[in-house]
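# Observations on the three-dimensional arrangement
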Amino acid sequence: MQIFKNIKSLQYFLAEERQKKRSVGLVPTMGALHEGHLKLLNQSQKENDITVCSIYVNPAQFNNTDDLKKYPRDLDHDQFLLEKQACDVLFSPSDKEMYPEGNLNGIKLGFGKLEQVLEGKFRPGHFSGVGIILSKLFHIVNSDKAYFGQKDLQQCSVVRKLIEELFFSTQLVIVPTVRENNGLAMSSRNTRLSEKGKDLAANLYHAITKVKNLIEEGEKIEVARQAGISTLKEQPKIRQEYFEVIDKRDFTTAADITPKSEIAVCVAAFVEEVRLIDNVLVFS
Ligand code: PAF
């Protein structure tokens, strides 16, 4: 595996690969890699000649300094997993490399209504930071395809908008969520949970699945949503932030089912002070 910390040397390497007509897949991550990331890498490896995994904990997308400080980091282990997976390239730049001016607030990106609901509402500035770092990565790597997990469903919509609005030529590929045996969605943040916490956190998945099943059986959306909220409330150690049923085309609240509906049940909650998100698609 080739390891780059420097933008210019990565670009030099990729330009040579391009000359050989090799396609490039990008898997952008913040490290603390788990099976979910490995699935993204696997798909990229199947669909491209070269796979670049970026590992960079992007300060601009954290609206909470404590969250940034506590974000899990283990580059040596990540490197080990990437070598094992036969990833072609690891790009792990420093803050100085990605933000040479050191001015994280210099530029802002807006994503309209997407920023006013769910993750956008509860993490002000988060999607601007995600959009900025991904714009940088898309420019640097100029990938044919870029891979993202469905667990971050709203982020996937932000990325789609970013690609469309800024004419990036990369194609967005969304890969289904990978789960632990108990249903808990894999996330780098899970490393901060105790074993008990992981069992408790699986209730997020059970609650959203309950709502999905109720809607698919013909229950009214709001009735199903309230049932999900009540189920989760039975666990007093889980602090819910939002529990919504949305139309995943624009993330507005889904009121009715129509033939065109593309509905998802989304939750964010704290378990052992760790903020977790999850979602399931209805009728799919
Ligand atoms: O999903 C993530 O890990 C991050 O938001 C991303 C896409 C790597 C941007 O920093």
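The preceding data block contains the structure.
When its secondary structure is counted, the protein shows 10 helices and 10 strands. The globule rule puts the C-alpha radius of gyration for 284 residues at 19 Å, and the 19 Å found for the protein is close to it. When the 284 residues of the protein are sorted by exposure, 52% land in the buried category. In the protein, the share of contacts with a sequence separation of at least 24, taken over all contacts with a separation of at least 6, comes to 72%.

On to the packing of aromatic side chains. All told, the structure shown has five aromatic pairs when counted by the stated rule. Between F4 and F13, the aromatic rings sit 5.4 Å apart at their centres with planes inclined by 45°, giving tilted as the arrangement. The two residues F4 and F13 agree in class, both being buried. Geometrically, the ring pair formed by F138 and F168 is edge-to-face, given 5.3 Å between the ring centres and 70° between the ring planes. Here F138 is found in helix α7 (residues 126-141), whereas its partner F168 is found in the loop between α8 (153-165) and β6 (171-175), with 30 residues between them in sequence. Judged by relative accessible area, which is 4%, F138 ranks as buried. Lying over the aromatic face of F270, R239 brings its terminal NZ or CZ to 4.2 Å of the ring centre.

Moving on to the site of the ligand. Residues in close proximity to the ligand include P28, T29, M30, Q61, I133, F148, D152 and Q155, which together make up its full environment. Within the side chain of Q61, a nitrogen or oxygen atom sits 2.6 Å from an oxygen atom of the ligand. Note that an oxygen atom of the ligand is positioned 2.7 Å from one of the side-chain N or O atoms of Q155.

On to the packing of helix α9 (residues 195-216) against helix α10 (residues 221-233), then. Packing of α9 against α10 leaves a shortest axis separation of 9 Å and a crossing angle of 160°. The pairing of α9 with α10 is recorded here as roughly antiparallel in orientation. The handedness of the crossing between α9 and α10 is right-handed. Residues N203, L204, A207, K210, V211, L214 and I215 of α9 touch α10, and the partners they reach there are I221, A224, R225, A227, G228, T231 and L232. In the contact of α9 with α10, the residues fall into nine nonpolar, three polar and two charged.

An order of β1-β4-β3-β2-β5-β6 is seen for the six strands of this open sheet, with the pairing classed as parallel. Edge positions in the open sheet fall to β1 (2-4) and β6, since each of these has one partner strand only. Taken pair by pair, the neighbouring strands of this sheet meet at an average axis angle of 25°, ignoring direction. Of the strand pairs in this sheet, strand β2 (residues 24-29) and strand β5 (residues 145-149) are connected by two bridges, and their pairing is parallel. Bridge pairing in β5 places L26 opposite A146. Contacting β2, β3 (50-55), β5 and β6, helix α2 (residues 35-47) crosses the sheet at an angle of about 155° to β5. In this fold α8 packs onto β5 and β6, with an angle of close to 170° to the strand it touches most, β6.

Taken together, the four strands give an open sheet; going across it, the order is β8-β7-β9-β10, and neighbouring strands pair in antiparallel fashion. Two strands bound the open sheet, and with one partner strand each, they are β8 (252-253) and β10 (274-281). The pairing of strand β9 (residues 263-271) with β10 spans eight bridges and is classified as antiparallel. The partner of F270 across the bridge, within β10, is R275. Sheet strands touched by α9: β7 (238-247), β9 and β10. Its angle to β10, the strand with the most contacts, is close to 25°. Contacting β7 and β9, α10 crosses the sheet at an angle of about 160° to β7.

Let's shift gears to the side chain of S143. Along the chain, S143 turns up in the loop between α7 and β5. Note on S143: relative accessible area 2%, which makes it buried. Here T170 takes part through its side chain, which lies 2.9 Å from a polar atom of the side chain of S143. Excluding anything up to four places from it in sequence, S143 contacts R18, V24, G25, L26, F138, S169 and T170.

Scoring rules and cut-offs
- Residues numbered from 1 in each chain as written.
- Predicted model: local features only at pLDDT ≥ 70, side-chain atom pairs only at ≥ 80, totals over all residues.
- Heavy atoms only, no water.
- Helix = DSSP H or I, 4+ residues; strand = E, 2+ residues; numbered from the N terminus.
- Rg over C-alpha atoms; globule rule 2.2 N^0.38 Å.
- Buried < 20%, exposed > 50% of the residue type's maximum accessible area, 1.4 Å probe, protein only.
- Contact = heavy atoms within 4.5 Å.
- Phe/Tyr/Trp six-rings, centres within 6.5 Å; stacked < 30°, edge-to-face > 60°.
- Lys NZ or Arg CZ within 6 Å of the ring centre and 35° of its normal.
- Near = heavy atom within 4 Å.
- Polar contact = N/O pair within 3.5 Å; in protein donor to acceptor, adjacent residues only side chain to side chain.
- Axes fitted to C-alpha atoms, helices over the stretch in contact; angles between N-to-C directions.
- Parallel < 35°, antiparallel > 145°, perpendicular 65-115°, else oblique.
- Left-handed = near helix turned anticlockwise from the far one by under 90°.
- Nonpolar A, V, L, I, M, F, W, Y, C, P; charged D, E, K, R; others polar.
- Pairing = 2+ DSSP bridges.

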